[in-house]
Structures are given as C-alpha cells and as structure tokens.
Amino acid sequence: MKRHLCLILTCCGMTLCLSMISCDSKESATYINSNTANVDNIVHEESGNVWKPSKANSLFTAEEQEMANTAAAVDYMTDEEKRVVFLCNLARLDGNRFLIEYLRPYIRKNKLNMTASKDLQSLYYVDLKNVKNRYMLQPMKTLCDAAAYHAKDMGQHGLIGHSSSDGTDGIARIQKFVSKASRVGENCHYGREDALDIVIQLLIDENYPDVGHRKNILDAYWTNIGVSIQSHSRYRYNCVQDFCRM
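Each value, and the rule that gives it
- Residues numbered from 1 in each chain as written.
- Predicted model: local features only at pLDDT ≥ 70, side-chain atom pairs only at ≥ 80, totals over all residues.
- Heavy atoms only, no water.
- Buried < 20%, exposed > 50% of the residue type's maximum accessible area, 1.4 Å probe, protein only.
- Helix = DSSP H or I, 4+ residues; strand = E, 2+ residues; numbered from the N terminus.
- Pairing = 2+ DSSP bridges.
- Salt bridge = Lys/Arg side-chain N within 4 Å of Asp/Glu carboxyl O.
- Axes fitted to C-alpha atoms, helices over the stretch in contact; angles between N-to-C directions.
- Parallel < 35°, antiparallel > 145°, perpendicular 65-115°, else oblique.
- Left-handed = near helix turned anticlockwise from the far one by under 90°.
- Contact = heavy atoms within 4.5 Å.
- Nonpolar A, V, L, I, M, F, W, Y, C, P; charged D, E, K, R; others polar.
- Polar contact = N/O pair within 3.5 Å; in protein donor to acceptor, adjacent residues only side chain to side chain.
- Arc of directions from axis to C-beta.

**Student:** With reference to specific residues and values, describe the pairing of strand β7 (residues 236–244).
**Tutor:** Across the nine residues of β7, eight count as buried, placing the element largely inside the fold. For strand β5 (residues 184–190) and β7, the ladder comprises seven bridges, and the chain directions are antiparallel. Counterpart to tyrosine 190 in the pairing with β7 is asparagine 238. Counted along the chain from strand β6 (residues 224–232) to the antiparallel partner β7, the turn is three residues long.

Structure below.
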C-alpha cells in the first residue's frame, strides 16, 4: 500500500495555511489544515457537568439539538469545546438551517463582504445547502488527548501547523493516540477561542483553495472528533480539531 504526502504552505496577510494530504489506493484524501484569525476579546467558559445549548428559539427542534449535542456529558472537555462539537454537528445535520440560523447572522454582525469572497459564496450557495442528515460526530477521549497535546505544544512553543515541535508529522502524531484509525484528519485554528467564531471561520475557509477545513467538518466519512482550545503564546488561543472513523 503506497502513501503519498504533499506539503503546501501559503501566506496571505494574517492567514496561514498548511495542508497535508495522505492517501493510498483504498482511501480518499485526508485533509489536515491550519487557520489563523484576527484576535477578539473572548471570555472562556469553564466546563460543567452537562452542557446544554442556551438558544431557545431555534430552527432545530429540541430533539435535534439533543442529538447534535453529543459531547454534553463528557468530563474531559470544556463547555466551549463541547459547543464546537455541537455547532459542527448542527451543520452536518442540516446545512441550510445552520446557514439561516448561524451563518447569515454572523455575516451581518461581522459585516462580511459576500461579493468579495468566493469562499463565502461557495459555502453559502452550494456546500451547506448540500449537507443533510450526516452522522453526528461522537467525542472520543483519545482524539481529545491528541488535540490537547498538539494545541498545548503549539501554544507553548509559539508554533503553527500540524508537525509537533519535535518534528513528528501530524498524521503520525494523531495515530499514536488513535492507533486503530486508518485515516485521520485535523483542523487547526489560531486567534479565537469562541466556538462560533472557530466553526464559522473554518467553514468559510477564506483563501484556502481546497477548503480542507470545511471538508473535514462536513465530511460524511468521519464518525469521531476531538477538540481542544488552549492558549497560544503568539496568537493568544489555538483550537485543534482531530477527526477519525472508527
């Protein structure tokens, strides 16, 4: 079985993209991506016993919200990390309703220029509208451990990307924690710790030609997710999302 690795690094202003693709004759591509955003002042939420979405007037029914809230009762994630899982799952459950309830208000609030952004257009008019009833990502302790290891490592050393500070590549690093997974994926986001900012920006994937962050979040192949939000010495915060299929 052959394995091909392609490493691409591009820079544009405050945005850095690092994409790694791992594929063989049996599996389609695995996308590993990094994203850097401008920094806002965000209050970090501490983990409680059970996290519940606070939005009452939602386009998603109470039953659907409960179904998407797969990380609600785990004791190894903060509330904001649980919210990242919840929002990713809502987008997978019904992309069009997610667009109306979350993306459209986000565009208005942040005054995003739809006309100037082809990535925002493709998300708004095409990709989200084609997503419905995909498997709800299940939190996985070992994936969260993998994400936390990388987020802390990058934060402490002021680094970005998917290779560890000791040079270990991203795929090998994740598979140390999840050895039985034949395919893994990862999103890295820098600058924000608010779950909605993180998820929306990764979905828009501005200036990333392969929109690999978006693909990871919406990919029907994945069954499990790990999330970690940690401090970062250069960008204040970084969030790592690790994915696999079990």
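**Student:** Describe in detail the pattern of salt bridges, supporting the description with residues and values.
**Tutor:** Applying the stated criterion across every chain, the model contains 10 salt bridges. As a salt-bridge pair, aspartate 194 and arginine 83 come within 3.3 Å of each other at their nearest N and O atoms. Taken as a pair, aspartate 194 in the loop between β5 and α7 (195–204) and arginine 83 in helix α2 (residues 79–93) lie far apart in primary sequence, 111 residues in all. By the burial criterion, aspartate 194 is buried, and arginine 83 matches it. With its nearest N and O atoms 3.0 Å apart, the salt bridge here joins lysine 141 to aspartate 145. Of this pair, lysine 141 and aspartate 145 both sit in helix α5 (residues 141–157), four residues apart, roughly one helical turn. On the basis of relative accessible area, lysine 141 is assigned to the partly exposed category, the value being 39%.

**Student:** Now, about the packing of α2 against α7: what can you tell me, with residues and values included?
**Tutor:** Interaxial distance between α2 and α7 falls to 8 Å at its minimum, and their mutual angle equals 40 degrees. Relative to α7, α2 is oriented oblique. Our pair here, α2 against α7, has a crossing hand that is right-handed. Here Glu80, Arg83, Val84, Leu87, Cys88 and Ala91 of α2 lie close against α7, whose contacting residues are Ala195, Leu196, Val199 and Leu203. In the contact of α2 with α7, the residues fall into eight nonpolar, no polar and two charged.

**Student:** Now, about the side chain of histidine 232: what can you tell me, with residues and values included?
**Tutor:** If you trace the backbone, histidine 232 turns up in strand β6. Within polar-contact distance, the side chain of histidine 232 engages the backbone nitrogen of arginine 234 at 3.1 Å. Ignoring anything within four residues of it in the chain, the contact list for histidine 232 reads Met154, Gly155, Gly158, Leu159, Tyr190, Tyr237 and Asn238.

**Student:** Tell me about the environment of alanine 91, and name the residues and values.
**Tutor:** Position of alanine 91 relative to the elements: it lies in helix α2. Between the alpha carbons of alanine 91 and leucine 128 there is a distance of 7.4 Å; along the sequence they are 37 residues apart. Setting aside residues no more than four positions away along its own chain, alanine 91 makes contact with Phe98, Leu128, Val131, Leu203 and Leu218.

**Student:** Break down helix α4 (residues 118–127) for me, citing the residues and quoting the values.
**Tutor:** Among the residues of α4, those classed as buried are Asp119, Leu120, Leu123 and Tyr124. All buried residues of α4 project into a common sector of 130 degrees when viewed along the axis, lining one side. Residues of α4 that are buried make contact with α3 (95–109), α7 and α8 (212–218).

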